[in-house]
Amino acid sequence: MRVLDTIDSSMPGGHAEIEIENLRVSAEQILGASGDSFKYAQIRLSPARLSHCMRWLGLAIRANEIATDYACRRYAFGKPLVDHEGVGFMLAENLIDLKQSELMIDWCAAVLDTGSLGTTESSMAKVAVSEALMRVADRCVQVMGGTGVSTETIVEQAFREIRAFRIYDGPTEVHKWSLAKKIKRDWNAQQH
């Protein structure tokens, strides 16, 4: 066994690529068919991406409920914050992003229900949902001002965790790169 490339071996949990020569696994120890490991890994990826989308959607919905309650109870310049167009519009945009995220999740789940791997669909859902929920979390912080970045509510935590969601299961840019490659493959296939 030898380490081929170490990214940062000084850090605990650093990444490394390991090559194992002449590895043999007995037939009774193999899960599934020999040579199908990549296919099995792909089967797991789409549902995992979708479950992350659902988890963070729930957190964004809760953050939006808290921000809405805050905006309806808090007054500025003689009226509730929600009655100020800037705040009201942010909450309206949150509803739009939340509904679009829900619909994207439902669409991807329907594709997976057919037995399809849903690789493309789950990449699209992961990008769309993580970007939309980031906007929602950011607006919730903005509506709540200083309270939004305090530990008085879970809004700050939601913002922090949803921001990290944009890099879970591969950053947005990796999914867009993968989708762009598929677009090119599909275009090339139509040309021949």
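Residues numbered from 1 in each chain as written. Predicted model: local features only at pLDDT ≥ 70, side-chain atom pairs only at ≥ 80, totals over all residues. Heavy atoms only, no water.

Visitor: Would you explain helix α4 (residues 155-165) in this entry?
Guide: Think of an α-helix as turning once every 3.6 residues; residues three or four places apart then point the same way. For α4, every residue scored as buried is listed here: V155, A158, I162 and F165. One side of α4 holds all its buried residues, which, seen down the axis, span an arc of 70°. (Buried < 20%, exposed > 50% of the residue type's maximum accessible area, 1.4 Å probe, protein only. Helix = DSSP H or I, 4+ residues; strand = E, 2+ residues; numbered from the N terminus. Arc of directions from axis to C-beta.)

Visitor: Looking at this structure, I do not really get the nonpolar core. What am I missing?
Guide: In globular proteins that are soluble, nonpolar side chains generally tend to be buried together. Counting residues in hydrophobic clusters, the biggest one holds 35 residues, and the most contacted among them are V87, V129, L133, V143, M144, V155 and I162. If you list the elements that add at least two residues to this core, you get α1 (37-73), α2 (85-113), α3 (119-144) and α4. With 11 residues, the single largest contributor to this core is α1. The residues contacting I162, other than those within four sequence positions of it, are W56, L59, A60, L133, M134 and A137. (Core = buried A, V, L, I, M, F, W, Y, C linked by side-chain atoms within 4.5 Å. Contact = heavy atoms within 4.5 Å.)

Visitor: I'm lost on the side chain of T147 in this one. Help?
Guide: When you line up the elements, T147 lands in the loop between α3 and α4. A residue is classified by how much of its surface remains accessible, and T147, at 16% relative accessible area, is buried. Setting aside residues up to four positions removed in sequence, T147 forms contacts with Y70, E152 and T153.

Visitor: I keep staring at the environment of Q142 and nothing clicks. Help me out?
Guide: The residue Q142 is located in helix α3 in this model. Judged by its relative accessible area of 54%, Q142 falls in the exposed class. Separated by 55 residues in the primary sequence, Q142 and V87 place their C-alpha atoms 8.5 Å from one another.

Visitor: Teacher, can you tell me more about the packing of α3 against helix α5 (residues 172-191) here?
Guide: Helices that pack against each other are described as a pair by the angle of their axes relative to one another and the distance between those axes. Running from N to C, α3 and α5 point in directions that differ by 140°, and their axes come no closer than 10 Å. It follows from the interaxial angle that α3 and α5 lie oblique. Handedness of the α3/α5 crossing: left-handed. Seen from α3, the contacting residues are T120, S123, M124, K126, V127, S130 and E131; seen from α5, they are T172, H175, K176, L179 and K182. Here the contact of α3 with α5 is built from residues that sort into 3 nonpolar, 5 polar and 4 charged. (Axes fitted to C-alpha atoms, helices over the stretch in contact; angles between N-to-C directions. Parallel < 35°, antiparallel > 145°, perpendicular 65-115°, else oblique. Left-handed = near helix turned anticlockwise from the far one by under 90°. Nonpolar A, V, L, I, M, F, W, Y, C, P; charged D, E, K, R; others polar.)

Visitor: Can you help me understand the packing of aromatic side chains in this one?
Guide: Any two aromatic rings considered together are summarised by their centre-to-centre distance and by the angle between their planes. Inspection of the entire model under this criterion finds 2 aromatic pairs. Look at W56 and F165: their rings are 6.1 Å apart centre to centre, the planes differ by 40°, and that puts the pair in the tilted class. Linking W56 in helix α1 with F165 in helix α4, this pair joins segments that are 109 residues apart in sequence. Across the pair, F165 and W56 agree in class, each one buried. Between W56 and Y168, the ring centres sit 6.2 Å apart and the planes meet at 40°, which makes this aromatic pair tilted. Here W56 is found in helix α1, whereas its partner Y168 is found in the loop between α4 and α5, with 112 residues between them in sequence. By relative accessible area, W56 is classed as buried at 8%. Y168 sits in the partly exposed class, given a relative accessible area of 35%. Every member of this aromatic cluster is reached through a ring pair, and the members are W56, F165 and Y168. Positioned over the ring face of W56 is R55, at 5.9 Å from the centre of the ring. (Phe/Tyr/Trp six-rings, centres within 6.5 Å; stacked < 30°, edge-to-face > 60°. Lys NZ or Arg CZ within 6 Å of the ring centre and 35° of its normal.)

Treat this as a map of the structure, not an account of what it does.
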